[in-house]
Amino acid sequence: MTIDTSDSNYFDWNNSFDIIKKAYDSSLFVLIIGPKGTGKTSLVRKFASEIGKMLYSINFSLRTRESHLVGTKTMNQGEVTFVEGILIKSMRDGGILYLDELNAAEADVLLRLDEALDDRRQIVLKEAEGQVIKALDNWFVFATINPLSHEGTKELPPQILSRFPVRLRLEYPPKEIEKQIIKHHVIIDGSNENDIDDALKLANSLREAASLEELYYSPSIRESIAFAKLLRNAVSPKEAAEVVYANVYDQWGEVEYRKVMDMITSIFG
Ligand SMILES: Nc1ncnc2c1ncn2[C@@H]1O[C@H](COP(=O)(O)OP(=O)(O)OP(=O)(O)O)[C@@H](O)[C@H]1O
Ligand SMILES: [Mg+2]
């Protein structure tokens, strides 16, 4: 659980900002759906920082409990006090709540959240003598989900989906755009342009193979940035491709890894 306001060098390549701003102005919560590493988190962080609001983030997993959201009672110098969780803090502050990977959450956690997300935007704290917390008018919520093909994800119940009437899809960008994204993170030497193009070709082939279930893993924009950073630090293109793109497939065994190494050898020599 973190609270942060840090900026990021997000490149709004598909004009997501525009619709997000309109959703925000209309108090319509936003759901972002897309595979890992397509910029979901960066987009939300950038938006929060652009409008100068505090971002309250929580990353869901099977182990996330209601208490992480709502808060817990603790003993403080012999007295029981209630320490508010991130949901309550964001409501009181009128900040931006960011529910990351919401479809990894358990049903009871979702149910509790649902109480706050409905049109009244309030929650009863059964943990703190039934106190009613009402969100400030400018409270806003983003949620992200990974497509169901991702490990550990479940279907979001329809009533939760309906709390987020604005839905954005983020996909892997076209190669030229991905290159521009890389340039927002790494200074690319002219002499490396071709290697980056080759790496993006490779990344896209791997993504396609993964989507056809020929490979188990699909590299994200993160890997493309990592590849460029290694080149920048004088690692050869082939070695960079090996460590960034190929070695991970060893997790599924030699055959999977070999398939990818063969592709790398045919591209990078
Ligand atoms: N449009 C973009 N502009 C600049 N950087 C980007 C963009 N999209 C992705 N990135 C970079 O790619 C990496 C992955 O992005 P991010 O963490 O936002 O993805 P994500 O969709 O939240 O991934 P996950 O599902 O794994 O949480 C980050 O380093 C981010 O800075
Ligand atoms: Mg993320």
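Definitions and cut-offs
- Residues numbered from 1 in each chain as written.
- Chains lettered and ligands numbered in written order.
- Predicted model: local features only at pLDDT ≥ 70, side-chain atom pairs only at ≥ 80, totals over all residues.
- Heavy atoms only, no water.
- Axes fitted to C-alpha atoms, helices over the stretch in contact; angles between N-to-C directions.
- Helix = DSSP H or I, 4+ residues; strand = E, 2+ residues; numbered from the N terminus.
- Parallel < 35°, antiparallel > 145°, perpendicular 65-115°, else oblique.
- Left-handed = near helix turned anticlockwise from the far one by under 90°.
- Contact = heavy atoms within 4.5 Å.
- Domains from an automatic or database assignment.
- Buried area = accessible area lost by both parts, 1.4 Å probe.
- Salt bridge = Lys/Arg side-chain N within 4 Å of Asp/Glu carboxyl O.
- Polar contact = N/O pair within 3.5 Å; in protein donor to acceptor, adjacent residues only side chain to side chain.
- Nonpolar A, V, L, I, M, F, W, Y, C, P; charged D, E, K, R; others polar.
- Near = heavy atom within 4 Å.
- Areas by Shrake-Rupley, 256 points an atom, 1.4 Å probe, with all protein chains shown as cover.

(A) Fine view of the packing of helix 8 (residues 193–211) against helix 9 (residues 221–232). One way to put it is that helix 8 packs onto helix 9 with a least axis distance of 10 Å and a crossing angle of 155°. Taken together, the axes of helix 8 and helix 9 lie roughly antiparallel to each other. Note that helix 8 runs across helix 9; the crossing there is right-handed. Packed against helix 8, whose contacting residues are Asp195, Ile196, Ala199, Leu200 and Arg207, the element helix 9 presents Ile221, Ser224, Phe227, Ala228 and Leu231 at the interface.

(B) Main features of the packing of helix 8 against helix 11 (residues 254–268). The interhelical angle for the contact between helix 8 and helix 11, taken along N-to-C directions, is 150°, at an axis separation of 11 Å. The angle between helix 8 and helix 11 places the two elements in the roughly antiparallel class. Here helix 8 runs over helix 11; the crossing is right-handed. Counting all contacts with helix 8, which are made through Asp195, Asp198, Ala199, Leu202, Ser205 and Leu206, the residues of helix 11 involved are Val260, Met263, Ile264, Ile267 and Phe268.

(C) Just the domain arrangement of the protein chain, in detail. What the domain assignment reports for the protein chain is domain 1 (2–169) and domain 2 (175–268). Computed over C-alpha atoms only, the centres of domain 1 and domain 2 are separated by 33 Å. With 6 residues of domain 1 at the interface, the matching set in domain 2 holds 10 residues. Of the roughly 770 Å² buried where domain 1 meets domain 2, counting both sides, 61% is carbon and sulfur surface. On the surface where domain 1 and domain 2 come into contact, there are 0 salt bridges. Applying the counting criterion to the domain 1 and domain 2 interface returns 3 residue pairs in polar contact (both at pLDDT 80 or more). Of the residues assigned to the side of domain 1 that touches domain 2, the class counts are 2 nonpolar, 3 polar and 1 charged.

(D) Local environment of the site of ligand 1. The full set close to ligand 1 counts 17 residues, and Gly37, Lys40, Thr41, Ser42 and His185 are the nearest of them. Here an oxygen atom of ligand 1 and a side-chain polar atom of Lys40 are 2.8 Å apart. Within the contact set of ligand 1, an oxygen atom lies 2.9 Å away from a side-chain nitrogen or oxygen of Arg222. For ligand 1, whose unbound accessible area comes to 630 Å², protein coverage reaches 87%. Elements that contribute at least two residues to the shell around ligand 1 include exactly helix 2 (40–50) and helix 9. Inspection of the shell around ligand 1 shows a minimum of three residues originating in each of domain 1 (2–169) and domain 2 (175–268).

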